[in-house]
There are 2 protein chains.
Amino acid sequence: MAYLQSMPKSETIKLREKHIGAACQLFFRSSPLKIVRGVAQFMYDETGERYLDCINNVAHVGHCHPHVVEAGRNQMSLISTNNRYLHDEIVMLAERLVKTMPEPLSVCFFVNSGSEANDLALRLARVHTKRKDVITLDHAYHGHLTSMIDVSPYKLNLPGGPEKPDWVHVAPVPDVYRGKYTYPNDSTSEENLGKLYADEVGKLCDEIKKKGGVCAFIAESLQSCGGQIIPPEGYLKKVFKHVREANGVCIADEVQVGFGRVGTHMWAFETQGVVPDIVTMGKPMGNGHPVAAVITTPEIAKSFTDTGVEYFNTYGGNPVSCAIANAVLDVIEEERLMERAARVGNHLLSRCEGLQHKHKLIGDVRGRGLFVGVELVTDRETRNPATAEAKHVVNRMREEKILISRDGPDSNVLKFKPPMVFTTQDADRLVDTLDRVLSELNGGMTVNVKLEMMVTPIRDEVSNSSLQTNMPQLLKAI
Amino acid sequence: MAYLQSMPKSETIKLREKHIGAACQLFFRSSPLKIVRGVAQFMYDETGERYLDCINNVAHVGHCHPHVVEAGRNQMSLISTNNRYLHDEIVMLAERLVKTMPEPLSVCFFVNSGSEANDLALRLARVHTKRKDVITLDHAYHGHLTSMIDVSPYKLNLPGGPEKPDWVHVAPVPDVYRGKYTYPNDSTSEENLGKLYADEVGKLCDEIKKKGGVCAFIAESLQSCGGQIIPPEGYLKKVFKHVREANGVCIADEVQVGFGRVGTHMWAFETQGVVPDIVTMGKPMGNGHPVAAVITTPEIAKSFTDTGVEYFNTYGGNPVSCAIANAVLDVIEEERLMERAARVGNHLLSRCEGLQHKHKLIGDVRGRGLFVGVELVTDRETRNPATAEAKHVVNRMREEKILISRDGPDSNVLKFKPPMVFTTQDADRLVDTLDRVLSELNGGMTVNVKLEMMVTPIRDEVSNSSLQTNMPQLLKAI
């Protein structure tokens, strides 16, 4: 069934090229998808073709969930105004979110995007500590705003990226597979790896202390854009200890990984047994609606109030955004989506591990709940990134109507972070298809892989025209 | 008629105090309003009491306009995903917005808030000019983000505000009533006043040129928070000339004043006969829904693309936000709201001018369309700000079920920027009531005005308990 469109796809592309900044890049650039419908874990193009969505963590409770749509529809027709007026939705949302947090995290600020949330988090840290120096992780991404790009090596590391400010200090990402310290090279004990990585932050703290002191440590509880990184056990606990000894505050960026995605906990920082001073959340919070938040301690909130400078965010915490976020929480609870993320995520993870035994291209499989990464390497000894192969796989999966993407500094990590309504059947279809696609790569098909390193910053970009060489030749290294 | 609430107002207040950062301030702090419904230019509290909304420029086409609500409802149930996929709503919106712009402004970026738009505008300017120094106007406000507070003297000037960075240069605001150059003191010719103020920007350009060059000049086309300032004729033309001679780019912030509010034009910069290099828009764009945009030239957009750094904004330009913004444009066109803003605005302005003849407290009346300021002074010669009286007036008007606010560095400018569906009858009611309230001030009622200067940053804040003195004594100066 084809869907109604306002114009043919060719016209959409023409207008887009004319009027939308080219820095806003399309997924599958050479043959982009026009998506006109979404239902649960599926998206539909204008011809009615259905795609299994394995990457949209924003559509957290499923595309166009009726309960969320209804909440938005209802509140939109009642009132949407700013939070200088009292409204029940904002205070109910705040109360519900605080209930999911460990003490003393109890004061909320509502904003419109994860970027705005992280910007405010850093402002709070600055006002509270009266210091500026920030420690961030390599390959981290915290948002598109000027202030966030400053602390995002994911952007700073690019050839055309801006210069790193001198108040930003980059610690190595705790990637135990291809990072600074890896298993089994440096230690077989996960805890020891955690200590080695945490000590890197400790060293930075010592250096910064000499020139005044640390303002903040900011990190995603599980690094997403950096390549679906699961830090070793004990890592954040030791990091927070170092940072607090240097009088800095600890910011947990839960924008991508929060709201139960990890399955065992509502927030990914909980898997590390820590209590941050500031938590930011966004993407899944509104299931696509622009809403985000910062939650902090009464002490830090007071420092902010004490400046006497009002914080006003025009749309932040408006009744529609809050009603939608409350509805998302309803669905997470009522449909037990956290439990589902644990169950389906474990199934997905163990099936991917099964695939690893079969395909040498898979160097590492890691994840928590419905946050899974499959790292492709051309050689399991050297762990050389299989960037071109990853590009090919993403592209072939799209032909099979399954949307996945890839990330990490070498764009060689396949990432899965589907809507939380993903089923074990969906996971099976994903893995079975991936198995087939990887087998094609092993099977000597004539394909043409451009093996030069990707200098393009577009980690998700894949091109239909990229593969046409003799595969066996290419795959000698695998 | 009372409306359904989830909890009594006292409980809402209690939860708000507990869980919402106190830096997010309530309007009428000591006796805040709980607003549960909105229809056109009216808002309703939980008891069913109706208020005439004279300040909500965000609810541009009227609170909960059915066409806008319907567009949101409809698109929410179809699909809302990011702009890495093609969609018709985003390209249609871009095409429509570009049609309202003078050439060569034709490339759009969609974001979630005016703050995000201004942040991106500055990023574009930086990347394009490869320079950093920015000229801003005194008392300007461009957003709540770290990068925007840096260029917002409205916040920097506060006692607890952050320090002004050395790359920010502040030019005097072209306020011809209480600014650096005023009528009739400095010149009776408006054009000459425009030149005097523009030359102040020229002087800054000369200074900055010595140390490298200007990155950007950023200003609201009509300054809002600074006190509803209408720059003298020719001002922006001369400013843009200075800035461009110094190779800087000119950013017009239309977040508060765009979308036809000025009545004669869609964009306030058009009243000054200029073509900016970058235009930002927000608040009214989604009638309360978080959507905003940056429109620039192909040349500047190309500089941004050429960095190779992708610009990705998770919710920016999503189908729901764009469908809503398209619906807002529909209503502006179909209900001829621009013409209405001109007609009703002129009526409101001339009636306020009538009031000025009657009440010495009114020092100045100014405006364009439905963007009007009434400046209160204790003495027409010295133009001393009547801050306490303005506070009293806002408070009394609220008792009369009319919502106005006050702004400007001395919080003595009453500001009117109602939804664009405001009628001449509404304007009459507003002015008649204001007349009555001002007459009370003249009439010797027993009131208690705290005359100390307001050091609080809360320009909109009024307290019910502030007035209980003998008024004639207080008003000697008037």
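What counts, and at which threshold
- Residues numbered from 1 in each chain as written.
- Chains lettered and ligands numbered in written order.
- Predicted model: local features only at pLDDT ≥ 70, side-chain atom pairs only at ≥ 80, totals over all residues.
- Heavy atoms only, no water.
- Domains from an automatic or database assignment.
- Buried area = accessible area lost by both parts, 1.4 Å probe.
- Salt bridge = Lys/Arg side-chain N within 4 Å of Asp/Glu carboxyl O.
- Polar contact = N/O pair within 3.5 Å; in protein donor to acceptor, adjacent residues only side chain to side chain.
- Buried < 20%, exposed > 50% of the residue type's maximum accessible area, 1.4 Å probe, protein only.
- Helix = DSSP H or I, 4+ residues; strand = E, 2+ residues; numbered from the N terminus.
- Pairing = 2+ DSSP bridges.
- Contact = heavy atoms within 4.5 Å.
- Nonpolar A, V, L, I, M, F, W, Y, C, P; charged D, E, K, R; others polar.
- Axes fitted to C-alpha atoms, helices over the stretch in contact; angles between N-to-C directions.

1. Overview of the domain arrangement of chain A
Residue and element names in this part refer to chain A.
- Each assigned domain of chain A is listed with its residue range as follows: domain 1 (9-64 + 337-441) and domain 2 (66-335).
- Between domain 1 and domain 2, a total of about 3200 Å² is buried, with carbon and sulfur atoms accounting for 55% of that surface.
- Close ionic contact of R178 with E375 constitutes a salt bridge, the shortest N to O distance being 3.2 Å.
- Inspection of the domain 1/domain 2 interface yields 22 residue pairs in polar contact (both at pLDDT 80 or more).

2. Considerations on the pairing of strand β9 (residues 278-281) of chain A
Residues and elements named next belong to chain A.
- Because side chains alternate across β9, one face comprises the buried residues I278 and T280, and the other comprises V279 and M281, equally buried.
- Of the pairings in the sheet, the one linking β9 to strand β10 (residues 292-296) comprises four bridges and is antiparallel in character. Directly across from M281, in β10, lies its bridge partner A293.

3. Re the sheet that holds strand β3 (residues 50-53) of chain B
- Spatial strand order, β1-β2-β3-β14 (chain B): four strands in an open sheet with mixed pairing. Each edge of the sheet is formed by a strand with only one pairing partner; in this case those strands are β1 (35-39) and β14 (402-403) of chain B.

4. Remarks on the interface of chain A and chain B
- Between chain A and chain B, the residue contacts involve 97 residues of the former and 97 residues of the latter.
- Each partner contributes to the roughly 8700 Å² buried at the junction of chain A and chain B, and carbon and sulfur atoms together form 60% of this total.
- Linking chain A with chain B are two salt bridges, by the criterion used here.
- One salt bridge in this structure joins D88 of chain B and K34 of chain A, with 2.8 Å as the shortest N-O distance.
- Across the chain A-chain B interface, the total number found is 46 residue pairs in polar contact (both at pLDDT 80 or more).
- Taken together, the residues of the side of chain A that touches chain B break down into 47 nonpolar, 33 polar and 17 charged.

5. Concerning the sheet that holds strand β5 (residues 134-137) of chain A
All names here are of chain A.
- In spatial order, the strands read β4-β10-β9-β8-β7-β5-β6; together these seven strands make up an open sheet with mixed pairing. Each having just a single partner strand, β4 (107-111) and β6 (168-171) make up the two edges of the open sheet. Here the average twist between neighbouring strands, direction ignored, is 20 degrees.
- Sheet topology note: the strand β8 (residues 249-253)/β9 ladder contains three bridges and is parallel. Across the sheet, the residue bridging to D253 is T280, located in β9.
- Against the sheet, helix α8 (residues 235-245) contacts β5, β7 (216-220) and β8, and its axis sits at roughly 160 degrees relative to β7.
- The strands that helix α9 (residues 298-306) touches are β4, β8, β9 and β10; relative to β4, the one it contacts most, it runs at about 60 degrees.

6. As for the pairing of strand β5 (residues 134-137) of chain B
Residue and element names in this part refer to chain B.
- Alternating positions in β5 separate into two faces, V134 and T136 on one and I135 and L137 on the other, with burial throughout.
- For β5 and strand β6 (residues 168-171), the ladder comprises four bridges, and the chain directions are parallel. Paired with I135 across the two strands is H169, which belongs to β6.
- Judged from the three bridges that link them, β5 and strand β7 (residues 216-220) form a sheet pairing that is parallel. Following the sheet pairing, V134 is matched in β7 by A216.

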